[in-house]
Amino acid sequence: MFQGFSQQTNDFLWGIRFNNERSWFEAHKQEYLDYVQSPLRQLAQEVYARFSAAHEELPLMVRVSRIYRDARRLHGRGPYKDHLWLSLFRWDGGEEGTRPVFWFELAPEGWTYGMGYYLPKPLTMAKLRARIDRDPKTMETL
């Protein structure tokens, strides 16, 4: 059960930001597992369970990001991410990024959440803009 994030969570995230190297991470890996990964996964499972219970008709999926950066895209930033996130989205076997996603991100400075698209196709965005133009009050309400 998700009990929240602790000061140790924040300490680890600041630590990895300023010490983004393998030796530091290996020395603090258990802190990552205990104070970052475990609570974030617990939160993801609770969010998933509540959404699934409220919307049984939707095939939902939840994902939690990994701390390891893609080695092909380091660009001098170090091998580890200093912010992690979870995402909840509808999954029906289609291409990822074509449907909206709810997300929660945890960083050393704090947390953010929202809804959006990751890699929408131009046609998807054109349809969304046209719908907003037809009925702007609905978007304003949201």
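Being a predicted model, the structure only gives us computed values, none of them experimental.

### Some words on the nonpolar core
One finds Phe12, Phe25, Tyr32 and Ile67 to be the most contacted residues of the largest nonpolar core, which totals 19 residues. Mapped onto this core, the elements with two or more residues apiece are α1 (7–18), α2 (22–27), α3 (29–54), β1 (60–64), β2 (84–90) and β3 (101–107). Considering each element in turn, this core owes the most residues, 5 residues, to α3. The contacts of isoleucine 67, once residues within four sequence positions are left out, are Phe12, Phe25, Tyr32, Pro79, Tyr80, Lys81 and Leu84.

### Notes on the side chain of serine 87
With respect to the helices and strands, serine 87 occurs in strand β2. Aside from chain neighbours lying at most four places away, what touches serine 87 is Met61, Val62, Arg63, Val101, Phe102 and Trp103.

### Some details on the pairing of β3
In this sheet, β3 lies alongside β2 in antiparallel orientation, the contact comprising 6 bridges. Following the sheet pairing, leucine 88 is matched in β3 by phenylalanine 102. Where β3 hands over to strand β4 (residues 110–116), the hairpin turn is made up of 2 residues, counted between the paired strands.

### Topic: the pairing of β2
Judged by how many residues are buried, β2 sits mostly within the fold: 5 of 7 residues are covered. In the sheet, β1 pairs with β2 via 5 bridges, with the strands oriented antiparallel. Residue valine 62 lies in a different strand from β2, and its bridge partner there is leucine 88.

Rules used in this analysis
Residues numbered from 1 in each chain as written. Predicted model: local features only at pLDDT ≥ 70, side-chain atom pairs only at ≥ 80, totals over all residues. Heavy atoms only, no water. Core = buried A, V, L, I, M, F, W, Y, C linked by side-chain atoms within 4.5 Å. Buried < 20%, exposed > 50% of the residue type's maximum accessible area, 1.4 Å probe, protein only. Helix = DSSP H or I, 4+ residues; strand = E, 2+ residues; numbered from the N terminus. Contact = heavy atoms within 4.5 Å. Pairing = 2+ DSSP bridges.

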